[in-house]
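A look at the structure
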Amino acid sequence: MDASISMTQTGDSEGSDAAGEAPRATPSPKFQALRNNSPHLAAGITMSLLMGHAPFADRTFGGMCRLIAGHLNRKHYYIVFRDGQPRGFVGWTYDQEDAAQAWLDGNGTLTGDGREGDCVIFNFWVTDGPDMNSFLVRTMREEFRDKRRLVARRIYSDGRIRPISIANTRI
């Protein structure tokens, strides 16, 4: 069995240039958003990152595994590295606007297989600080430049949920 690790990368040393160019890759970037070519290794890294965060740690094992496997199989995720160490994760699915709104309102039964749609639903968004969050926002803006709307539900440690909906004004 080949034990080598191969990943697909987008990197950012400190951000993009003022002209709005894509993030520059450097020999030792502070942040990297990567997809691992080994789904088993990606699943292990993802689970170890998420199990320490209350909104995810409190979910059932089977439910979490299904969500993670879906993201990994569709390649709708990034593991986010800070200085070469995994510290964040983002996972998404695509769907149509009516299903995205229903999911945002708490009804996930209308969502499809996640492979197509004009909206992005973020199931996972974990970062270790505001600077990583800013890097991820820039990365996601480029990733989803052709999508109509991005939605997420922010879950606080006290159980409150805040729906987030961002219209893409570039379309």
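Residues numbered from 1 in each chain as written. Predicted model: local features only at pLDDT ≥ 70, side-chain atom pairs only at ≥ 80, totals over all residues. Heavy atoms only, no water.

1. Observations concerning the packing of helix 1 (residues 39-50) against helix 3 (residues 61-74)
As a packed pair, helix 1 and helix 3 sit with axes 10 Å apart at the nearest point and diverge in direction by 130°. Relative to helix 3, the element helix 1 lies oblique. As helix 1 runs across helix 3, the sense of the crossing is right-handed. In contact with Pro39, Ala42, Ala43, Thr46, Met47 and Leu50 of helix 1, helix 3 contributes Met64, Cys65, Ile68 and Leu72. The residue makeup of the contact of helix 1 with helix 3, split by class, is nine nonpolar, one polar and no charged. (Axes fitted to C-alpha atoms, helices over the stretch in contact; angles between N-to-C directions. Helix = DSSP H or I, 4+ residues; strand = E, 2+ residues; numbered from the N terminus. Parallel < 35°, antiparallel > 145°, perpendicular 65-115°, else oblique. Left-handed = near helix turned anticlockwise from the far one by under 90°. Contact = heavy atoms within 4.5 Å. Nonpolar A, V, L, I, M, F, W, Y, C, P; charged D, E, K, R; others polar.)

2. Regarding the pattern of salt bridges
Inspection of every chain in the model, using the stated rule, returns nine salt bridges. Salt-bridge contacts for Glu97 lead to Arg148; the nearest nitrogen and oxygen are separated by 4.0 Å. With Glu97 in helix 4 (residues 97-104) and Arg148 in the loop between helix 5 (130-143) and strand 6 (149-155), this pair connects stretches of sequence that are 51 residues apart. Of the charged contacts, one joins Arg149 and Glu97 as a salt bridge, the two residues approaching to 3.4 Å between their closest N and O atoms. (Salt bridge = Lys/Arg side-chain N within 4 Å of Asp/Glu carboxyl O.)

3. Quick notes on the pairing of strand 5 (residues 119-126)
Along a regular strand, successive side chains alternate from one face of the sheet to the other. Burial runs high along strand 5: six of the eight residues are buried. As defined by bridge partners, strand 4 (residues 85-95) adjoins strand 5 across seven bridges and the pair is classed as antiparallel. Its bridge partner being in strand 5, Gly91 is matched across the sheet by Phe124. Examined bridge by bridge, strand 5 and strand 6 share four bridges and lie parallel to one another. Bridging from a neighbouring strand, Ile121 pairs with Val151 of strand 6. Traced from strand 5 through helix 5 to strand 6, the parallel crossover comes out right-handed. (Buried < 20%, exposed > 50% of the residue type's maximum accessible area, 1.4 Å probe, protein only. Pairing = 2+ DSSP bridges. Right-handed = clockwise from strand over helix to strand, strands pointing away.)

4. Points about helix 3
Here helix 3 spans 20 Å end to end across 14 residues, near enough to the 20 Å set by a 1.5 Å rise per residue. The complete set of buried residues in helix 3 reads Gly63, Met64, Ile68, Gly70, His71, Leu72 and Arg74. (Expected span 1.5 Å × (residues − 1).)

5. A look at the packing of aromatic side chains
Going through the model one piece at a time under the given rule, you end up with nine aromatic pairs. Here Tyr94 and Phe144 contribute two aromatic rings whose centre-to-centre distance is 6.0 Å and whose plane-to-plane angle is 80°, an arrangement assigned as edge-to-face. One end of the pair, Tyr94, is in strand 4; the other, Phe144, is in the loop between helix 5 and strand 6, and 50 residues separate them in sequence. As far as the burial class goes, Tyr94 and Phe144 line up, both buried. Consider the rings of Phe122 and Phe144, whose centres lie 5.8 Å apart with planes at 75°: the pair is edge-to-face. Placement of Phe122 in strand 5 and of Phe144 in the loop between helix 5 and strand 6 is noted, with a sequence separation of 22 residues between them. By the burial criterion, Phe122 is buried, and Phe144 matches it. Put simply, the rings of Tyr78, Trp92, Tyr94, Phe122, Trp125 and Phe144 pair up and form one aromatic cluster. In this structure, Arg153 is placed above the aromatic ring of Trp103, and the distance from its NZ or CZ to the ring centre is 4.0 Å. (Phe/Tyr/Trp six-rings, centres within 6.5 Å; stacked < 30°, edge-to-face > 60°. Lys NZ or Arg CZ within 6 Å of the ring centre and 35° of its normal.)

6. A short note on the pairing of strand 4
Of all eleven residues that make up strand 4, eight are buried, and the element is covered over most of its length. Linkage of strand 3 (residues 77-82) to strand 4, two consecutive antiparallel strands, is achieved through a turn of two residues, within which Asp83 is found at a positive phi near 50°.

7. Here we look at the confidence of the model for the chain
In this model, the chain carries a mean pLDDT of 81, and residues with pLDDT of at least 70 account for 82%. When the elements of the chain are averaged for pLDDT, strand 1 (residues 7-12) gives the smallest value, 46, and strand 3 the largest, 95. Counted against residues more than four places away or in other chains, residues 1-28, with its pLDDT under 50, gives 50 contacts. (pLDDT = per-residue confidence, 0-100.)

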